[in-house]
Protein chains: 2
Amino acid sequence: MESHELDFLYLTDSEAHRNVNVKYLTGHPEDASLFIDIKNRRTTLIPWDYQLAKMSSEADRIVDVTEYQGVITATIDVFAEETSTNPKVGITRGIPYDNVQLIMDKVPNTEIVFNPTIIDNLLAELRSTKSGYEISLMQKSVDISNQLVKEIEEAVLSQSKIRTEMDLAIFVESRMRELGAFAVGFESLVASSARSWQIHTYPRADPKQSLYQKGLALIDFGVQAEALTSDVTLPFIMGPMNSKMKTITETVKHAHDASIDALSDSEYLHEVAEVAVKIIEDQGYRMPHSLGHGIGLTVHDAPLLRKKPIHEAMLQHWAPTRIEEGMIITIEPGIYEKDVGGFRLENDVLITRNGPQILTNAEPISIDLN
Amino acid sequence: MESHELDFLYLTDSEAHRNVNVKYLTGHPEDASLFIDIKNRRTTLIPWDYQLAKMSSEADRIVDVTEYQGVITATIDVFAEETSTNPKVGITRGIPYDNVQLIMDKVPNTEIVFNPTIIDNLLAELRSTKSGYEISLMQKSVDISNQLVKEIEEAVLSQSKIRTEMDLAIFVESRMRELGAFAVGFESLVASSARSWQIHTYPRADPKQSLYQKGLALIDFGVQAEALTSDVTLPFIMGPMNSKMKTITETVKHAHDASIDALSDSEYLHEVAEVAVKIIEDQGYRMPHSLGHGIGLTVHDAPLLRKKPIHEAMLQHWAPTRIEEGMIITIEPGIYEKDVGGFRLENDVLITRNGPQILTNAEPISIDLN
């Protein structure tokens, strides 16, 4: 940051704009704004819960927001007090336009530096590669996930206890916490074959959404054992299969396995995404989402596994991401067809010195309904 | 909007920036951007899930984003195709700075109109007062919430099945779905007396977080029966009480009841908030959050129940909100003290022609541990 001559970096995390960097840099688990005085190496945190931040967050100064009447204003006022004149203030991707406007109004001659290629990519790089401690936290989430995969398979194969989408969601979310999870990583997605063509399908209790209908069903869940979250999708093939189901399931499985191989052979993440996309497009399908993403303090973290952009506006802020030791990413190719259903297979992969190590054990589960 | 001579209104809803207006105006439940051609009364939706939007969302044009390589770019490109030169483009509060930058780069001579007092307040006003249909959807969430309140009281008073914070969270989240909820309105907050001084406390399974420790504990949960979410906080007084506990619990209860009375007697919502804040501050405490908020498609919806701001930057975009028939709001005064604990009582209130109607039945639950 210093080498780019920024004076300050301004970050904010709120219900309207989630920015995991604030949590990553300070440990504060709730809404907060943070500014970093880069030259003086000094951080100021304006947290939502002052008592909690005083106890558990790291910053040189923690401001009591109850002395002000609202987080945004407080942030800018405090910033205006501390800053020099004509400061160069770096901001991050997605920051609300209003915050930037307020800075410009309150601090005369501010120069706003919006340069995601430098600022966001640097922060994303820090978050992308996990320390040994972070990997050990993730291992706890992964262990619970793997136990759940076994239990889901048993429960669904027996076709007894679990009948509807909602039954499966409740089973998974309750069991993960009995097994020691702090929280769900995200609200589980469960789709019976009637609805799996939707990319994100929240479960229904309606008995018509029985899991045991011919076609393609799935569950996508995450476990947050302590701070870091896993992310796994288990697809169910409710057979017998017709030829379209066969093509879709085989193509996704092929894309999944080839992506993991490509993690060994490639230098950059976008090359891996391109391998998967090619396999899917060669069969005449399109994947409406990315191949995968980093997991960590948030379920959709850096890095993102996408093809190199073709649009100029995106290319402008794009840089290739090298595959690095310590990354923990999902590999989750999927195909969604209105008349056939959706099929996604998702596993979490740690990049080690010796190549990719698959942490989770999701495999398609086949059930013959005849 | 037309009277303010806007040509377009640009809205976007994504993981990095939640904006419930897109869902409210189109019915699309997932990430999307929307622009509204105000003079030609034409809407264009760029949804994340194209197949789903085609089936269930309302817009004059729905763009298939898989033809582009990313939502933001696609939005701006499509917008650039459709717009006139020199358009006046209205934006909403919290919109990412990057989106606004892209519009200015792509569409020559755009005039950006950032005027939350007009634009956001108008949209908030629309969402704030519920139609009969919306009220009937909320009633379903409320009915389940009230059943849960009874069951929680029974379960906690018996001190048998539920031991830890996590037990209570799992019980509530499972039961609400068995009772027909589509989803949790938000992740439940549960705090034993050791942790209730934190404003937002996610439950722990740790047996040390037993609910049955002397002091103040609570659960804050929401039920989303179909589309609209309730929001209730039940506080537990684990007695016998000492004098500090007595003052805090009585002050909060007083603030709660006086706020509901004030809904009958006041013209504006900030007057109601001022009644509650005065009661709390007269006892030497501070309330670190607002008195309440609207509930609807999202748990923190418009309107907000806050004192009139004292800071100029906030006053600039503030306008008093009249108490209107059809509003559904929470009343949730709270006090949080590190050495005593936190106490919040929260109920949902519908404003009818004949005054406030309390929809939920939360009351402090007293348990004598002796």
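Draft legend 1. Quick peek at the overall build of chain A. The helix and strand tally for chain A stands at 10 helices and 17 strands. For 370 residues, the compact-globule estimate of 2.2 N^0.38 gives 21 Å, and chain A sits close to it at 23 Å. Its C-alpha atoms put chain A at 75 × 40 × 35 Å along the principal axes. Counting over 370 residues, chain A shows a buried share of 59%.

Draft legend 2. Geometry of the relation of the copies chain B and chain A. The transform that puts chain B on chain A rotates by 180° and translates by 0.0 Å along the axis, for an RMSD of 0.0 Å. These values place the two chain copies in the arrangement generated by a two-fold rotation axis. Comparing interface residues between copies, 100% of those in chain B also sit at the interface in chain A, which points to an isologous, same-surface contact.

Draft legend 3. Focus on the pattern of salt bridges. Tallied over the entire structure, the rule returns 44 salt bridges over all chains. One salt bridge in this structure joins B:R175 and B:E151, with 2.8 Å as the shortest N-O distance. Of the two residues, B:R175 sits in helix α7 (residues 165-178) while B:E151 sits in helix α6 (residues 132-158), which places them 24 residues apart along the sequence. With its nearest N and O atoms 3.0 Å apart, the salt bridge here joins B:K253 to B:D257. On the criterion of helical spacing, the pair formed by B:K253 and B:D257 is a turn pair, its members being 4 residues apart in helix α8 (residues 243-265). Several salt bridges share partner residues, and in doing so they unite A:D13, A:R18 and A:D31 into one network.

Draft legend 4. Highlighting the domain arrangement of chain A. Residues and elements named next belong to chain A. The assigned domain composition of chain A is domain 1 (2-126) and domain 2 (129-367). Centre-to-centre, using C-alpha coordinates, domain 1 lies 34 Å away from domain 2. If you look at the interface, domain 1 gives 11 residues, while domain 2 gives 10 residues. Its largest share of buried area at the contact with domain 2, domain 1 owes to V20, Y24 and T117, together 43% of the area lost on that side. Where domain 1 packs against domain 2, one counts 0 salt bridges. Where domain 1 meets domain 2, there are 0 residue pairs in polar contact (both at pLDDT 80 or more). Mapped onto the side of domain 1 that touches domain 2, the elements with two or more residues apiece are α1 (20-26) and α5 (119-128). Among the residues forming the side of domain 1 that touches domain 2, the class breakdown is 6 nonpolar, 2 polar and 3 charged.

Draft legend 5. Focus on the packing of helix α8 (residues 243-265) of chain A against helix α9 (residues 269-282) of chain A. Residue and element names in this part refer to chain A. Orientation of α8 relative to α9, taken along the N-to-C sense of each, is 160°, at an axis distance of 9 Å. Between α8 and α9, the angle is such that the two are roughly antiparallel. Seen from above, α8 lies across α9 with right-handed handedness. Judged by residue contacts, T251, H254, A255, A258, S259, A262 and L263 of α8 engage L269, V272, V275, A276, I279 and I280 from α9.

Draft legend 6. Expanded view of the interface of chain B and chain A. Taken together, the contact between chain B and chain A spans 65 residues of the former and 65 residues of the latter. Roughly 5,600 Å² is buried in total at the junction of chain B and chain A, and carbon and sulfur atoms are behind 57% of that figure. Where chain B meets chain A, there are 4 salt bridges. Across the salt bridge formed by A:D64 and B:R286, the nearest N and O atoms sit 4.0 Å from each other. Our enumeration of links across chain B and chain A arrives at 21 residue pairs in polar contact (both at pLDDT 80 or more).

Draft legend 7. Summary view of the packing of aromatic side chains. Within the structure shown, the criterion is met by 11 aromatic pairs over all chains. Look at A:Y97 and B:F114: their rings are 5.5 Å apart centre to centre, the planes differ by 75°, and that puts the pair in the edge-to-face class. Highlighted residues: A:Y97 in helix α4 (residues 97-106) and B:F114 in strand β6 (residues 111-114), drawn from two different chains.

Draft legend 8. Inspection of empty space enclosed by the protein at higher detail. Applying the stated criterion across every chain, the model contains 3 cavities of 30 Å³ or more. In this structure, the largest cavity occupies an estimated 50 Å³ of space. Contributing to the lining of the largest cavity are B:Y24, B:R127, B:K130, B:E134, B:L228, B:G296, B:L297 and B:D301. Residue classes in the lining of the largest cavity are distributed as 3 nonpolar, 1 polar and 4 charged. Estimated volume of the second largest cavity: approximately 40 Å³. For the second largest cavity, the full set of lining residues is A:I170, A:E173, A:S174, A:R177, B:I170, B:E173, B:S174 and B:R177. Listing elements by their share of the lining of the second largest cavity, those giving two or more residues are α7 (165-178) of chain A together with α7 of chain B.

Draft legend 9. Local environment of the packing of helix α6 (residues 132-158) of chain A against α7(A). All names here are of chain A. Their axes nearest at 10 Å, the elements α6 and α7 cross at an angle of 145°. As α6 packs across α7, the resulting crossing turns out to be right-handed. Across the interface between the two elements, I144, L148, E151, I152, A155 and V156 from α6 touch L168, F171, V172, R175 and M176 from α7. Taken together, the residues that form the contact of α6 with α7 break down as 9 nonpolar, no polar and 2 charged.

Draft legend 10. Molecular detail of the side chain of B:T360. Residue and element names in this part refer to chain B. Examined against the element boundaries, T360 turns out to sit in the loop between β16 (355-358) and β17 (365-368). Within the structure, the side chain of T360 is placed 2.7 Å from the side chain of N347, a separation counted as a polar contact. One polar contact links the side chain of T360 to the main-chain amide nitrogen of D348, over a distance of 2.8 Å. Among all residues touching T360, those that are not within four sequence positions of it are V142, N146, V232, N347 and D348.

Draft legend 11. Representation of the sheet that holds strand β1 (residues 8-13) of chain A. All names here are of chain A. Read across the sheet, 6 strands follow the order β4-β3-β2-β1-β5-β6 without closing on themselves; strand pairing throughout is mixed. Edge positions in the open sheet fall to β4 (61-62) and β6 (111-114), since each of these has one partner strand only. Of the strand pairs in this sheet, strand β2 (residues 32-37) and strand β3 (residues 42-47) are connected by 6 bridges, and their pairing is antiparallel. Within β3, the position partnered with I36 by the bridge is T43.

Draft legend 12. Local environment of the pairing of strand β11 (residues 301-305) of chain B. All names here are of chain B. Most of β11 is tucked away, with 4 of its 5 residues classed as buried. Inspection of the sheet shows strand β10 (residues 292-294) paired to β11 by 3 bridges, in the antiparallel sense. Of the residues in β11, the one forming a bridge with H293 is L304. Linking β10 back to β11 in an antiparallel pair, the connection comprises 6 residues.

Quick notes on the rules
Residues numbered from 1 in each chain as written. Chains lettered and ligands numbered in written order. Predicted model: local features only at pLDDT ≥ 70, side-chain atom pairs only at ≥ 80, totals over all residues. Heavy atoms only, no water. Helix = DSSP H or I, 4+ residues; strand = E, 2+ residues; numbered from the N terminus. Rg over C-alpha atoms; globule rule 2.2 N^0.38 Å. Buried < 20%, exposed > 50% of the residue type's maximum accessible area, 1.4 Å probe, protein only. Least-squares fit on C-alpha atoms with pLDDT ≥ 70 in both. Contact = heavy atoms within 4.5 Å. Salt bridge = Lys/Arg side-chain N within 4 Å of Asp/Glu carboxyl O. Domains from an automatic or database assignment. Buried area = accessible area lost by both parts, 1.4 Å probe. Polar contact = N/O pair within 3.5 Å; in protein donor to acceptor, adjacent residues only side chain to side chain. Nonpolar A, V, L, I, M, F, W, Y, C, P; charged D, E, K, R; others polar. Axes fitted to C-alpha atoms, helices over the stretch in contact; angles between N-to-C directions. Parallel < 35°, antiparallel > 145°, perpendicular 65-115°, else oblique. Left-handed = near helix turned anticlockwise from the far one by under 90°. Phe/Tyr/Trp six-rings, centres within 6.5 Å; stacked < 30°, edge-to-face > 60°. 1 Å grid on protein atoms, 1.4 Å probe; cavity = no way out; pocket = protein on both sides within 12 Å on 5 of 7 lines; lining within 4 Å. Points joined across faces, edges and corners; volume = space filled by probe spheres on them. Pairing = 2+ DSSP bridges.

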